[in-house]
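Structure at a glance
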Amino acid sequence: QQQVRQSPQSLTVWEGETAILNCSYEDSTFNYFPWYQQFPGEGPALLISIRSVSDKKEDGRFTIFFNKREKKLSLHITDSQPGDSATYFCAFSAGNKLTFGIGTRVLVRP
Amino acid sequence: EAAVTQSPRSKVAVTGGKVTLSCHQTNNHDYMYWYRQDTGHGLRLIHYSYVADSTEKGDIPDGYKASRPSQENFSLILELASLSQTAVYFCASSWTGGSQNTLYFGAGTRLSVL
């Protein structure tokens, strides 16, 4: 039962470009959508999140776009920096349990 | 200072042996979780707990037990370790009193079953 789909599995961009990561879900009860960032050898950490009542959330160079009707969301990383190289997980919640996507490994080349 | 501490950070176990992974949090959070991470599967929930002396099954509980002896401590137990349980295991904590369910993860335990 695959409730969450995340793509692409890996992505390489040049410094300064915009990286776009995508997620989709099936369960209509999901109402909270965080994105977690994980660096090698570390645990994931919350990067940015959005609730289903909003269609956009911005935090610096990171922006979530949310389409509730199509059950899709995307994370845009503008002006990508080498320090943004990490694995990014979308996640979904309707309570205290989070369901994670498989992750997108992002590499930013200088 | 790390608020969620896992031990050991890495472990090699033999097939059929017993493995215990430990987690300690100083966040004063009520919820604690165990996830495993595998390439191609992301993070999958094994067990979680919302109060001491009680645990709940997650999405992939088979082959694992959990123990929450106190609010601060949460253990994951593999009674009969198998090759398929080779993975990186993450413990996390969260607080239900906030406006959003933010998970705070430990640094992970890399388990190799041979």
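Preceding block: the structure.
We now turn to the structure provided with this report. (Residues numbered from 1 in each chain as written. Chains lettered and ligands numbered in written order. Predicted model: local features only at pLDDT ≥ 70, side-chain atom pairs only at ≥ 80, totals over all residues. Heavy atoms only, no water.)

Quick look at the overall build of chain B
A count of helices and strands for chain B gives zero helices and 11 strands. Secondary structure elements of chain B occur, N-terminal to C-terminal, as β-β-β-β-β-β-β-β-β-β-β. The C-alpha radius of gyration of chain B comes to 13 Å, within 12% of the 13 Å expected for a compact globule of 114 residues. Structurally, chain B occupies a C-alpha span of about 40 × 30 × 30 Å along its principal axes. The buried share of chain B, reckoned over its 114 residues, is 49%. Seen as two clouds, the 9 positive and the 9 negative side-chain charges of chain B have centres 9 Å apart. (Helix = DSSP H or I, 4+ residues; strand = E, 2+ residues; numbered from the N terminus. Rg over C-alpha atoms; globule rule 2.2 N^0.38 Å. Buried < 20%, exposed > 50% of the residue type's maximum accessible area, 1.4 Å probe, protein only. Lys, Arg positive; Asp, Glu negative; His and termini not counted. Charge placed at Lys NZ, Arg CZ, Asp CG, Glu CD.)

A few points about the interface of chain A and chain B
Counting residues at the interface gives 18 residues for chain A, matched by 22 residues for chain B. In this assembly, chain A packs against chain B so that about 1,600 Å² is buried in total across both faces, 51% of it on carbon and sulfur atoms. In terms of surface lost to chain B, no three residues of chain A exceed Asn96, Lys97 and Phe100 of chain A, which account for 34% of the buried area on that side. At the junction of chain A and chain B, the tally comes to one salt bridge. As a salt-bridge pair, Asp59 of chain B and Lys97 of chain A come within 3.7 Å of each other at their nearest N and O atoms. Where chain A meets chain B, there are three residue pairs in polar contact (both at pLDDT 80 or more). (Contact = heavy atoms within 4.5 Å. Buried area = accessible area lost by both parts, 1.4 Å probe. Salt bridge = Lys/Arg side-chain N within 4 Å of Asp/Glu carboxyl O. Polar contact = N/O pair within 3.5 Å; in protein donor to acceptor, adjacent residues only side chain to side chain.)

Overview of the packing of aromatic side chains
Residues and elements named next belong to chain A. The tally for this structure, following the rule as stated, stands at 21 aromatic pairs over all chains. Ring geometry for Phe89 against Phe100: centres 6.3 Å apart, planes inclined by 90 degrees, an arrangement best described as edge-to-face. Of this pair, Phe89 sits in strand E9 (residues 86–93) while Phe100 sits in strand E10 (residues 98–100), and the two are 11 residues apart along the sequence. Using a relative accessible area of 1% as the deciding quantity, one classes Phe89 as buried. (Phe/Tyr/Trp six-rings, centres within 6.5 Å; stacked < 30°, edge-to-face > 60°.)

Overview of the state of the cysteines
For the structure shown, the criterion picks out two disulfides over all chains. Between the sulfur atoms of Cys23 of chain A and its disulfide partner Cys90 of chain A the distance amounts to 1.7 Å. Of note, the bridge from Cys23 of chain A to Cys90 of chain A carries an S-S torsion of about -80 degrees and is left-handed in sense. A residue pair is termed long-range when its members are at least 10 positions apart, and Cys23 of chain A in strand E3 (residues 19–25) and Cys90 of chain A in strand E9 qualify at 67 residues. Grouping residues by exposure puts Cys23 of chain A and Cys90 of chain A together as buried. Covalently, Cys23 of chain B is tied to Cys91 of chain B through a disulfide, its sulfur atoms 1.9 Å apart. (Disulfide = S-S within 2.5 Å.)

Quick notes on the pattern of salt bridges
Residue and element names in this part refer to chain B. The tally for this structure, following the rule as stated, stands at seven salt bridges over all chains. One salt bridge connects Asp38 with Arg44, and the closest N-O pair in it is separated by 3.2 Å. Salt bridges linked by common partners bring Arg36, Asp38 and Arg44 together as one network.

Overview of the sheet that holds strand E8 (residues 73–78) of chain B
Think of a sheet as strands paired side by side through backbone hydrogen bonds, with each pair either parallel or antiparallel. All names here are of chain B. Ordered in space as E1-E3-E8-E7, the four strands form an open sheet in which the pairing is antiparallel. Each of the sheet's edge strands pairs with one partner strand only, and the pair in question is strand E1 (4–7) and strand E7 (65–67). Strand after strand, the sheet turns through a mean of 20 degrees between neighbouring axes, direction not considered. Bridge count for E7 against E8 is three bridges, and the pairing is antiparallel. Bridging across to E8, Ser67 finds its partner in Ser75. (Pairing = 2+ DSSP bridges. Axes fitted to C-alpha atoms, helices over the stretch in contact; angles between N-to-C directions.)

Topic: the environment of Tyr32 of chain A
All names here are of chain A. Counting through the fold element by element, Tyr32 comes out in strand E4 (residues 32–38). A relative accessible area of 2% means that Tyr32 is categorised as buried. Separated by 60 residues in the primary sequence, Tyr32 and Phe92 place their C-alpha atoms 5.9 Å from one another.

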